[in-house]
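A look at the structure
Each chain, letter by letter, is given below.
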Amino acid sequence: MLNFTLRRLFAVIPTILVLIVFSFYLMRLAPGGPFTSERPLPPAVMANVLERYGMDEPLHVQLWSYIKNIVLYFDFGPSFSQKDRTVNDVIAQGFPVTLTYGFWSAIFVLVCGVPLGIIAALRHNGFWDYTMTGLAIFSQIFPNFVLAPLMVLLFTLSWGLLPGGGWNGGQWQYIVMPAIALGTSYMAGVARLTRGSMLEVLNSPFIRTARAKGLPERTIIIRHALKPALLPTLTYMGPVFVYMITGSVFIDVFFSTGGIGQDFIDGAYSRDYSILLGLAILYSLLTFALTLMLDLLYAWIDPKVRSSMG
Amino acid sequence: MRDTQTNTAPLLSVRDLSVRFRTGDGLVHAVNNVSFDIDVGEKLAVVGESGSGKSQIALAIMGLLAKNGEASGKIMFDGRDLLHLPLGELNKIRARQIGIIFQDPMSSLNPYMTIERQLAEIVELHEGASRRDARKRALEVMDAVQIPDARARLDAYPHEFSGGMRQRIVIAMALMCNPRLILADEPTTALDVTVQAQIMKLLGDIQRDMGTAVVLITHDLGVVAGFCDETLVLYGGCIMEQAPTLSIFDAPGHPYTRGLLRAVPNIEDPAASLAAIPGSPPSQRKPPAACPFAPRCVDAVDACHLTLPDLDGDGSKRACLRPVEVLT
């Protein structure tokens, strides 16, 4: 297991390098740049600015020094669009915010989605099953840019229960709505997935064996059915969590949380190369960390996976 | 065995058992009015081709029919009708009084639990055994089913065992509580021939040592020959013939049984061609009104297509208007 983890960690390095090279050239290929504007700068000024950010050098030299700065000083360079801020500053400020409500959102997805799915499976073709499945389909197609304004309308404007935006150092009142708005459709997905896999597991021969042992139904579900029924959900949760973090742009903008999504948008509009590249690296590291965590979790659950890890 | 028994009531008595399934195309009558008894320590074979309803009988006894299945009739065990027992009461009989060996050892073990837990939980549940005692019992039973190096393999997972070993584990499961009856549903079908023989010998030894009654469900007449006292031949969910195993082989009474025997290769006459029974198994959409085998029977007369004969005869019973010995 340790061996496996180490191997995977080493594999991160070349992958990230490839990612940097690709994203770097792709971005530079895109038309425009951080300093293009409707009224072009005088050539002398432009040359000055470019020199200041090291953009007068050939591309591969720029790439080389970018990578060197990351490896040696963990420095992702200065922001092109936000004066006097480095990419490190931007990430350090915005990322914890997004990660915080993303984390709570994932908890919400699991804590609500999994039990709902299980209950629906146990009441298969009953009232609760139909209600749950109907609700799940409804909320799965309900986009967060509809849900979020609706929630603000109800919880902030009508009932005055929760603040309609801001972050305020991450007090819980400020986390609730972004987390729920972000997670609802994924929660519905998890509920449906869990229901489906639970139904499948409950029909499998080894559950029949467990019944033949005379075990009470509750023990059968908790001891025999839960683990295998949760495997597909686990597989689903990995990429979903990354989506939730990276796809939280709308939430960040709508609730003005000050999360990293806002910086991503701004960076894309202003061709802020270093911000975009920095965030791309951040997101891919996040993906790596989560996939590794999931694989280890998988190994913990499934003995077959464990023995194949060597 | 039957004669030495002082207690006259049979261990298990199945009366008019019918099993129906609700499917998208309507009702399927899988088992029709099947009745039989098993005495303490008796070995009964239930033989039939696939689809004859033999496995459904075992599942009905255990209360494990699929959700769309429904059993009617009576299954008396210890003076109680298993078909009308609440689940909590049935759970006290499952594994403790009646053990079942499922046919597919690959899928009937939980892949996410160690063998030890899967075995031990049975005695923890039924006998309130402590973890340590349950582990000890699991080890004993693993030894009894001759799993080599059982102590070291207790904490292994099912995928670390071969098919034959897994079948032994499934058998071990059925033995954990020393049940009075074991239902063995095709215990050797998934295994290759040499392993089949080992497993059957093992079952025979266990049966002899513990005096457990066994219902052996199989499509393999060869397996039955050396094992069971009494054989019950099933076709289209109906009993065709019920007789001591020896007389089934010596003098099959029902044309279907005769056909089955002719379809088995004979080592003394390898040149003889195998005689397949022409036609295909009956549709079971309607409850049988006439002998289900009549459409495929070479000896059938008009009356065979109109009446459903009763199981009749002494010693060797058959449900047939024109049993073999009448014709010859």
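None of these values were measured; they are calculated from a predicted model.

Procedures and definitions
Residues numbered from 1 in each chain as written. Chains lettered and ligands numbered in written order. Predicted model: local features only at pLDDT ≥ 70, side-chain atom pairs only at ≥ 80, totals over all residues. Heavy atoms only, no water. Helix = DSSP H or I, 4+ residues; strand = E, 2+ residues; numbered from the N terminus. Buried < 20%, exposed > 50% of the residue type's maximum accessible area, 1.4 Å probe, protein only. Contact = heavy atoms within 4.5 Å. Areas by Shrake-Rupley, 256 points an atom, 1.4 Å probe, with all protein chains shown as cover. Lys, Arg positive; Asp, Glu negative; His and termini not counted. Charge placed at Lys NZ, Arg CZ, Asp CG, Glu CD. Pairing = 2+ DSSP bridges. Axes fitted to C-alpha atoms, helices over the stretch in contact; angles between N-to-C directions. Parallel < 35°, antiparallel > 145°, perpendicular 65-115°, else oblique. Nonpolar A, V, L, I, M, F, W, Y, C, P; charged D, E, K, R; others polar. Salt bridge = Lys/Arg side-chain N within 4 Å of Asp/Glu carboxyl O. Domains from an automatic or database assignment. Buried area = accessible area lost by both parts, 1.4 Å probe. Polar contact = N/O pair within 3.5 Å; in protein donor to acceptor, adjacent residues only side chain to side chain.

1. Topic: the overall build of chain A
A tally of helices and strands in chain A yields 13 helices and zero strands. Each principal axis of the C-alpha atoms in chain A carries an extent, and together these give about 85 × 60 × 30 Å. Across the 310 residues in chain A, those meeting the buried criterion constitute 43%. A sequence separation of at least 24 residues applies to 73% of the contacts in chain A between residues at least 6 apart. Carbon and sulfur atoms make up 69% of the accessible area of chain A, which amounts to about 16,300 Å² in all. Computed over 20 positive and 16 negative side-chain charges, the inter-centroid distance for chain A is 17 Å.

2. Some details on the pairing of strand E1 (residues 12–23) of chain B
Side-chain positions along a regular strand alternate between the two faces of the sheet. Residues and elements named next belong to chain B. Two elements, E1 and strand E2 (residues 26–38), share nine bridges in a ladder whose sense is antiparallel. Along E2, the bridge assignment pairs Thr 23 with Gly 26. Here E1 folds back onto E2, and the loop between the two strands holds two residues. Sheet topology places E1 next to strand E4 (residues 69–77); eight bridges connect them, and they run antiparallel. Counterpart to Ser 13 in the pairing with E4 is Met 76.

3. A few points about the packing of helix H4 (residues 87–122) of chain A against helix H11 (residues 260–269) of chain A
All names here are of chain A. Running from N to C, H4 and H11 point in directions that differ by 130°, and their axes come no closer than 7 Å. As the angle between them shows, H4 and H11 are arranged oblique. Side by side, H4 and H11 meet where Val 90, Ile 91, Gly 94, Phe 95 and Thr 98 of the first sit next to Ile 260, Gly 261 and Asp 263 of the second. Residues that form the contact of H4 with H11 fall into these classes: four nonpolar, three polar and one charged.

4. As for the sheet that holds strand E5 (residues 80–81) of chain B
Residue and element names in this part refer to chain B. Taken in spatial order, the four strands of this open sheet run E2-E1-E4-E5, and their pairing is antiparallel. Whereas interior strands pair on both sides, the edge strands pair on one side only; in this sheet they are E2 and E5. Examined bridge by bridge, E4 and E5 share two bridges and lie antiparallel to one another. Along E5, the bridge assignment pairs Phe 77 with Arg 80.

5. Description of the pattern of salt bridges
Throughout the structure, instances matching the rule amount to 20 salt bridges over all chains. Residues participating in the shared-partner salt-bridge network are B:Glu116, B:Arg117, B:Glu124, B:Arg135 and B:Asp155.

6. Structural notes on the domain arrangement of chain A
Residue and element names in this part refer to chain A. According to the domain assignment, chain A consists of domain 1 (2–73) and domain 2 (92–309). A separation of 33 Å is found between the C-alpha centroids of domain 1 and domain 2. Opposite the 22 residues of domain 1 that make contact, domain 2 presents 17 residues. Where domain 1 abuts domain 2, roughly 1,700 Å² becomes buried across the two surfaces, and 74% of that area is made up of carbon and sulfur atoms. Of all residues in domain 1, Phe 4, Arg 8 and Met 27 give up the largest surface area on contact with domain 2, accounting jointly for 32% of the area buried on that side. Summed over the shared surface of domain 1 and domain 2, the number is one salt bridge. Arg 8 is the partner of Asp 295 in a salt bridge, and the nearest nitrogen-oxygen pair spans 2.4 Å. Linking domain 1 with domain 2 are two residue pairs in polar contact (both at pLDDT 80 or more). Every element with two or more residues in the side of domain 1 that touches domain 2 is listed here: helix H1 (2–29) and helix H3 (59–73). Broken down by element, the side of domain 1 that touches domain 2 gets its largest block of residues, 14 residues, from H1. Tallied by class, the residues present in the side of domain 1 that touches domain 2 amount to 14 nonpolar, five polar and three charged.

7. Brief notes about the side chain of A:Ser23
If you trace the backbone, A:Ser23 turns up in helix H1. A polar contact of 2.5 Å, which involves the side chain of A:Ser23, links it to the backbone oxygen of A:Leu19.

8. Looking at the domain arrangement of chain B
Residues and elements named next belong to chain B. The assigned domain composition of chain B is domain 1 (3–97 + 177–326) and domain 2 (111–173). Summarising the inter-unit geometry, the C-alpha centres of domain 1 and domain 2 are found 30 Å apart. Domain 1 puts 15 residues into the contact, and the matching count from domain 2 is 13 residues. A per-residue breakdown of the area domain 1 buries against domain 2 is headed by Cys 177, Ile 199 and Leu 202, which together make up 42% of the total. The interface formed by domain 1 and domain 2 includes zero salt bridges. Counting every contact that joins domain 1 to domain 2 gives four residue pairs in polar contact (both at pLDDT 80 or more). Those elements that provide at least two residues to the side of domain 1 that touches domain 2 are helix H2 (87–93) and helix H7 (193–210). Considering each element in turn, the side of domain 1 that touches domain 2 owes the most residues, six residues, to H7.

9. Here we look at the interface of chain B and chain A
On the side of chain A, 21 residues touch chain B, which itself brings 23 residues to the contact. Summing both sides of the interface, chain B and chain A together bury roughly 2,100 Å²; the carbon and sulfur share of this comes to 63%. Of all residues in chain B, B:Tyr112, B:Glu121 and B:His159 give up the largest surface area on contact with chain A, accounting jointly for 31% of the area buried on that side. Run the count over chain B and chain A and you get two salt bridges. For A:Lys213, the salt bridge is made with B:Glu121, and the minimal N-O distance between the two is 2.6 Å. The interface formed by chain B and chain A contains eleven residue pairs in polar contact (both at pLDDT 80 or more). Put simply, the parts of the chain that give the side of chain B that touches chain A at least two residues each are helix H1 (54–62) and helix H3 (115–127) of chain B. A per-class count over the side of chain B that touches chain A returns 14 nonpolar, seven polar and two charged.

10. Observations regarding the sheet that holds strand E9 (residues 230–235) of chain B
Residue and element names in this part refer to chain B. Here we have seven strands laid out as an open sheet, ordered E6-E7-E8-E3-E9-E10-E11, and mixed in their pairing. Each edge of the open sheet is held by one strand with a lone partner, namely strand E6 (98–101) and strand E11 (317–318). Relative to strand E10 (residues 238–244), E9 runs antiparallel, the two sharing six bridges. Bridging from a neighbouring strand, Val 233 pairs with Glu 241 of E10. Against the sheet, helix H6 (residues 163–175) touches E6 and strand E7 (181–185), its axis set at about 170° to E6.

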